[in-house]
Structures are given as C-alpha cells and as structure tokens.
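# A look at the structure
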Amino acid sequence: MSKHNQYSFINPNKFPFFYGYVVLVVGSIGVLASIPGQTVGVSVFTDPVKDALGLTRNQFSNAYMIGTLLSAFFVTRAGVLFDRYGARFVAFFAAIFLGISLLLFSIAVTISNNIKQFLQMDSWVVPFALISILFFFIRFCGQGVLTMSSRNMIMIWFDKNRGKVNSISSIGVSLGFSSSPIFINKLIDNHGWEISWQIIAICLFIFSFCILQFYRNKPEDFNLKPDGFDDKIKIFEVKKEETSFTLQEAKQTRAFWMIGFILAFNSFFITGFTFHVVSIFASQDYTKSQAIAVFLPISIIAIAVSTLCNVLSDYIQHKIYIYIMIISGILASFGLLFLSHTIGIYLLIIGLGLLSGLFAVVNAVTWPRYYGRKYLGSITGKVMSFIVIASAIAPSLFSYCFTTFGSYSYITYITLGFLIFLIIAALKVKNPQHS
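Because the structure is predicted, anything quoted here is derived from the model rather than measured.

It is worth spelling out the packing of aromatic side chains at this point. Applying the stated rule across the entire model yields 41 aromatic pairs. Summarising the aromatic geometry, the rings of Phe15 and Tyr19 are spaced 5.0 Å apart at their centres and angled 80° between planes, so their arrangement reads as edge-to-face. According to the relative accessible area criterion, Phe15 is partly exposed, its value standing at 26%. By relative accessible area, Tyr19 is classed as buried at 0%. Between Phe60 and Phe135 the ring centres are 5.4 Å apart and the planes differ by 85°, which places this aromatic pair in the edge-to-face class.

Spelled out as structure tokens, the structure:
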C-alpha cells in the first residue's frame, strides 16, 4: 500500500468517512484545471494572441486544428498509461506539462522573433508552426489527459452510486466551465494575456502538488470497496459479476462505436458553434450581446438535465440517453438552420442544453457501466481521440462553410445526415454486460 501513498501525507484508510468523496472533490477540480486546454479557455485568448503574433484568424484557427489533431493521435496511448500507472501520476504529469506549455505560450512572441532572427526570415510560417506545437501540448495535456484521468478516477471509486456522484461533479464542472470565460477575460483585461497565462500556469503547478497529495487510483489499493460498502453490506446484495472488456473487445461491440460517435458529434457541433458564435449570430443580424446571452439558458438546461439523468442512470438503460442525444442534435441542427426565426433560437438552446447535459453523463458513467473498470483508461482514451478530432475540424469546417456558401446553415445538412445514420445504426445497441 505504501507505493500507492508515495510522496503523500494523506492516508485514505485513516479518514473518518469514505475517501471517495475526497476523490470526487479533487477530481472535479482536476477537470476544471483542464480549462486552459479546452476551447472555452483558448477562445478568450484568440484575438490578443493572434494579433501579437501577426496571424490572421484563419491561420490561428488552422494552427489550433493542427495542434488538436496531433493530440488526438497520442491521447489513446495516454489511456493505456492510465490503466498501467493510474490517475495519480498521469494527472500529475499532465498538469505539470500543461503549466509549462502555458509559460511557453506566454513568451511565444519572443520565441517567434528569436527564431525569425536566427533563420533570417520574416514570415507568418514561424509563429504558425510555433503555436501549432504549443496547441498540441495544451490540448493533449488539458482537454485530453487531465480531463480523462480526473473523470475516470471519480468513476472508479464509485459503482452503485456512480450516477449520483457524477451529478454532483457535473454541476460544479458545468458552472466552472460556463463562468470561466468571464474570469479569464477579466484576468486578461487587468494583467494582459502574457501575465494571465503565467498566473494560470502557477496555479497548475500548485494543483499538481495537490494531485500527488489527494489523487488515488482505486479503492482496492487501500482495501476499500467502491461506494464505501464493506463485505458485510454487500453480502445481502445480489449483483452479477462485472465483466471488464479490453479495448479490442470493446471495439467489437456496436455500443462502443455508437456512443463514441454521438459524443464526437456533440464535441463537433458545440465546438464549432462556440468558436464562431458571434459570427453565426451576426450573419442573421443579431448583436454580440444577444449571441453571448444564449450560453446562460444553455448552461441552466445542461445542469438540470445532467443532474436528473445522472441520478436516473443508476436505474435505467443508457441506450435511452444515446437516442435523446441524437434527437437533441437534430433539434440543434434545425435551430441553426432556422436561426433567423425566433423558433430557431429556442431549438438551438434546447438542443445544445440537452446535448451538453447528457454528454456529462454518457462520457463519464456509461463507459464503466458497459465495459467495466479494469481497462477504462484505454477505452476512454480511444473515445477521447474521437472527441478531440471532432473538436479539431469543427471550427475550420464551420468557417469554410460560411466563406464558401455565405451561411453557416449549410453545415446542418452534414450534421443531419450523420444523425440519421446514427438513428439507424443505434437500433441494435445493447449493454455488453448483458450479452
């Protein structure tokens, strides 16, 4: 047990209550700590950073896409490392490297100018290549590894109460994500974008120490049981033995692909919409304030849906959630198509609210429920690569759709076609544990 407690003053066995609740709190904070590597955290820095580096909006977006796509190819490997070494060390190094990446980003202009001087060339290619590499690191460490390891750790410490616990985590995470642009924007206004990234980096270094102190891989390492139940309580329960699927075995099931695809769709649509939200609404003669205002009702719906569905997830079939997500995607797609009408705004808000709320449930609770806990890292790591790829191509595809056809609404025909495919393909989805 000593190696599981290495470098820490905290002993889960000596807590007066189940240590899983400590894991719930610090794991949720870990997901919030990934914000600098998420679209919602990067987007606030877009204008000041691209202007300082002398890049156009398209060049900046393409650098973001390249860095994100590169990270998708490595995040699956990070899932395998999670299974081998656990959440504690994987999350620790992810937080450290994310902080280092932000420090490098804060002096990107100086680095770019020095490289230009060394190469004796004054071209946009230098800052473009530089931030493509930096985007790879912050997306890989933030959106990919830190998020995956923190969320998976929480799910591993709970079983029967997994849905209820995730509902608590989702509320805090949703509130944090929805309010983060306001705080980051104020930080930039007060200190500038360079100092702001340095402040965030220092916070990440401090949190990495907290990871070593409080993160723990699984309850069995300390002779504890998931949910805090002991054998005397469990003896009265009749429960089928959980089957743990390897990644290769999971990929042979229809559920793996259908869940992965709908989660990727969620990432694609919400990332593309968020990245271009002001332009999307401006194309229909709405103001910037009206565009930003839609996030509040979306967040309220998402939190309500996430809370309710997390609690219900302990009792109902998760296949229902897959279909609700598909229907929500259809509503959001039609909302974008008819955005010029009031009904379009309502459809968009309802669709995105439902999608966001259910994403928090399905991406956290469904995987251990369907495929067990033993290989959770490699399975969710593979799915995270789908999510990352979708988020990478979305901003550029939305942008090219607008510049080519003069309207964002044409992206709807692509999304509706994909969703119709999912409706048909998901008909025979079933929980592999019951096969």
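After that view of the structure, there is still more to cover.
This paragraph deals with the environment of Phe73. Note that Phe73 resides in helix H4 (residues 57-85). Between the C-alpha atoms of Phe73 and Asn62, which are 11 residues apart in sequence, the distance is 17 Å.

Let us now look at the state of the cysteines. Within this structure, the stated rule accounts for 0 disulfides. You can see Cys141 has no disulfide; the closest cysteine sulfur is in Cys203, sitting 17 Å from it. Overall, the relative accessible area of 4% leaves Cys141 in the buried class.

Next up on the list: unusual backbone geometry. Not every positive phi belongs to a glycine, and Gln120 is a case in point at roughly 55°. In this fold, Gln120 is placed in the loop between helix H6 (108-119) and helix H7 (125-156). Backbone geometry places Asp285, a non-glycine residue, at a positive phi of 70°. You can see Asp285 is positioned in the loop between helix H12 (277-282) and helix H13 (288-293).

Time to look at empty space enclosed by the protein. On inspection of all chains with the given rule, the structure shows 2 cavities of 30 Å³ or more. In this structure, the largest cavity spans a volume of roughly 60 Å³. Looking at the largest cavity, the residues that line it are Thr147, Met148, Arg151, Asn152, Asn363, Trp367, Thr380, Val383 and Met384. Secondary structure elements with two or more residues in the lining of the largest cavity: H7, helix H16 (342-371) and helix H17 (376-405). Among the elements that take part in the lining of the largest cavity, H7 stands out by supplying 4 residues, more than any other. Taken together, the residues of the lining of the largest cavity sort by class into 4 nonpolar, 4 polar and 1 charged. For the second largest cavity, the calculated volume is near 30 Å³. Along its surface, the second largest cavity is lined by Ile280, Ser283, Gln284, Leu336, Leu339, Ser407, Tyr408 and Ser409. Residue composition of the lining of the second largest cavity, grouped by class: 4 nonpolar, 4 polar and no charged.

Rules used in this analysis
Residues numbered from 1 in each chain as written. Predicted model: local features only at pLDDT ≥ 70, side-chain atom pairs only at ≥ 80, totals over all residues. Heavy atoms only, no water. Phe/Tyr/Trp six-rings, centres within 6.5 Å; stacked < 30°, edge-to-face > 60°. Buried < 20%, exposed > 50% of the residue type's maximum accessible area, 1.4 Å probe, protein only. Helix = DSSP H or I, 4+ residues; strand = E, 2+ residues; numbered from the N terminus. Disulfide = S-S within 2.5 Å. 1 Å grid on protein atoms, 1.4 Å probe; cavity = no way out; pocket = protein on both sides within 12 Å on 5 of 7 lines; lining within 4 Å. Points joined across faces, edges and corners; volume = space filled by probe spheres on them. Nonpolar A, V, L, I, M, F, W, Y, C, P; charged D, E, K, R; others polar.

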